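Structural overview for review
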Amino acid sequence: MIEQLNQALFLLINATPQSPEWLIKFAIFIAKDLINIVPLLIAILWLWGERKQMTAQRMMIIKTAIALILCMSLSWIIGHLFPHDRPFVSGFGYNFLHHAPDDSYPSDHGTVIYTFSLAFLAWHRVWSGLVLFALACAIAWSRVYLGVHWPLDMLGGLLVGLCACLLSQMVWNLSGEQIYARLHQAYRFCFAPFIRKGWVRD
């Protein structure tokens, strides 16, 4: 029943040879390049910002990084416990994006971007989290539209992301201050010349 629903939703979303070429190209951009916002925002929020906000920003980034490590670990475990072929491997629908024929559930792209957006919703600002969540939904749509994932792969990524954020908060409650102190010390040592020049925040 679930698999039939999964296939039906896929066929509703998946592009066909008759789909507009511009929309397929736009979906490829979203599917391949939009995920780069994750490392970009992590770097920006760690290195720059209002001085009084830097500690809170960096704590949020550390919790987000922990959540990302946990989500990818959970995704790897689930993928090996419950292997599922990608649509094009099964000969289902149409494929417009080159991809290795590895397991599809849950989506790595979906897991990362949903975890990232949920982290911003929980630990940063609601408006930024909502914007990132909208981007996550766009990435999820694009990868189904292009035929490299099933809709339930994306739902799985969302659920894994939620679990990872909850686990990250638990880790933070146990040893967050120690983690922050050590990482901040390492940062000050490695970036000392740039901090002295005022190029990045202390």
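Just above, that's the structure.
For the structure given in this document, a descriptive report is provided here. All of these numbers come straight from a predicted model, not from anything done at the bench.

As a further point, take helix H3 (residues 37-47). It helps to recall that an α-helix has 3.6 residues per turn; residues three or four apart then point in one direction. Listed in full, the buried residues belonging to H3 are Val38, Leu45, Trp46 and Leu47. Packed against the buried residues of H3 are helix H4 (54-81), helix H5 (108-123) and helix H7 (151-190).

The next thing to look at is a nonpolar patch on the surface. On the surface, Trp76, Ile77, Leu81 and Phe82 cluster together into a nonpolar patch covering about 480 Å² of accessible area. With respect to the element layout, Leu81 can be found in helix H4. Relative accessible area serves as the criterion here: at 58%, Leu81 is assigned to the exposed category.

For any two helices packed against each other, one specifies the crossing angle of their axes together with the interaxial distance. Their axes nearest at 10 Å, the elements H3 and H5 cross at an angle of 35°. Between H3, through Ile37, Val38, Leu41, Ile42 and Leu45, and H5, the contact on the second element is made entirely by Val112, Ile113, Phe116 and Phe120. Residues of the contact of H3 with H5, tallied by class, amount to 9 nonpolar, no polar and no charged.

Before going further, it helps to spend a moment on the packing of aromatic side chains. The full count for this structure, using the stated rule, is 10 aromatic pairs. Ring geometry for Phe92 and Trp150: centres 5.3 Å apart, planes at 45°, overall tilted. Taken as a pair, Phe92 in the loop between H4 and H5 and Trp150 in the loop between helix H6 (126-145) and H7 lie far apart in primary sequence, 58 residues in all. Judged by its relative accessible area of 2%, Trp150 falls in the buried class. An angle of 55° between the planes, with centres 5.9 Å apart, marks the rings of Phe191 and Phe194 as tilted.

What follows covers the packing of H5 against H6. At their nearest, the axes of H5 and H6 sit 7 Å apart, and the two run at 165° to each other. Accordingly, the angle class assigned to the pair H5 and H6 is roughly antiparallel. The interaxial crossing formed by H5 with H6 has left-handed handedness. On H6, the residues that touch His109, Ile113, Tyr114, Phe116, Ser117, Phe120 and Leu121 of H5 are Val126, Ser128, Gly129, Leu130, Leu132, Phe133, Ala136, Cys137, Ile139, Ala140 and Arg143. Residues belonging to the contact of H5 with H6 are distributed by class as follows: 13 nonpolar, 4 polar and 1 charged.

Moving on, we come to the pattern of salt bridges. Summed over all chains, the structure comprises 3 salt bridges. One salt bridge in this structure joins Arg86 and Asp102, with 2.8 Å as the shortest N-O distance. Residue Arg86 is located in the loop between H4 and H5, and its partner Asp102 is located in the loop between H4 and H5; the two are separated by 16 residues in the primary sequence. Since its relative accessible area comes to 36%, Asp102 is described here as partly exposed. For Arg188, the salt bridge goes to Asp202, with nearest N and O atoms at 2.9 Å. Remark: Asp202 occurs in the segment after helix H8 (192-196) and Arg188 occurs in helix H7; sequence separation between them is 14 residues. Residue classification places Arg188 among the partly exposed positions, given a relative accessible area of 43%.

The rules behind the values
Residues numbered from 1 in each chain as written. Predicted model: local features only at pLDDT ≥ 70, side-chain atom pairs only at ≥ 80, totals over all residues. Heavy atoms only, no water. Buried < 20%, exposed > 50% of the residue type's maximum accessible area, 1.4 Å probe, protein only. Helix = DSSP H or I, 4+ residues; strand = E, 2+ residues; numbered from the N terminus. Contact = heavy atoms within 4.5 Å. Patch = residues over 30% accessible without salt bridge, like charges linked within 9 Å, V, L, I, M, F, W, Y side chains within 5 Å. Areas by Shrake-Rupley, 256 points an atom, 1.4 Å probe, with all protein chains shown as cover. Salt bridge = Lys/Arg side-chain N within 4 Å of Asp/Glu carboxyl O. Axes fitted to C-alpha atoms, helices over the stretch in contact; angles between N-to-C directions. Nonpolar A, V, L, I, M, F, W, Y, C, P; charged D, E, K, R; others polar. Phe/Tyr/Trp six-rings, centres within 6.5 Å; stacked < 30°, edge-to-face > 60°. Parallel < 35°, antiparallel > 145°, perpendicular 65-115°, else oblique. Left-handed = near helix turned anticlockwise from the far one by under 90°.

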